[in-house]
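Examination of the molecular architecture
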Amino acid sequence: MVRIEGTLEEIRELMADAKRTVSDVKSTSKKVAKAATKTRRKLSSWQRYIKDKSNHIKFKRGDKKGRLDLKAMSKAFKRLKK
């Protein structure tokens with residue numbers, strides 16, 4: 001525990017300053033977070049291709065069964081562009 005000594009008025013002044021600082025920090029951090037979420041870059045054509053579930057090609061057997069076959073998807077994507 002921390003022991004604080006002083007008159008009640010002095011303690012209130014100290015606590016009021018601390019409260020103001022905390023509220024300033026909170027409001028500033030909210031503004032920064034909001035600004036950070038606003039700016040989003042455009043997805044590349046490959047990322048848009050991957051995002052679409054209909055383009056997913058999966059392994060059908062073996063130890064990789066169920067995982068995405070990125071090699072086959074890459075070939076299909078490259079053929080799509082031609």
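Before going into details, it helps to say that this report is about the structure given with it. (Residues numbered from 1 in each chain as written. Predicted model: local features only at pLDDT ≥ 70, side-chain atom pairs only at ≥ 80, totals over all residues. Heavy atoms only, no water.)

Throughout the structure, instances matching the rule amount to 3 aromatic pairs. For the ring pair W46 and Y49, a centre distance of 5.9 Å and an interplane angle of 20° mean the geometry is stacked. Of this pair, W46 and Y49 both sit in helix 2 (residues 45–51), 3 residues apart, which is roughly one turn of that helix. Arranged with centres 5.1 Å apart and planes meeting at 55°, the rings of Y49 and F77 form a pair that is tilted. Within this pair, whereas Y49 is found in helix 2, its partner F77 is found in helix 3 (residues 70–81), the two being separated by 28 residues in sequence. No difference in accessibility class separates Y49 from F77, as the two residues are buried. (Phe/Tyr/Trp six-rings, centres within 6.5 Å; stacked < 30°, edge-to-face > 60°. Helix = DSSP H or I, 4+ residues; strand = E, 2+ residues; numbered from the N terminus. Buried < 20%, exposed > 50% of the residue type's maximum accessible area, 1.4 Å probe, protein only.)

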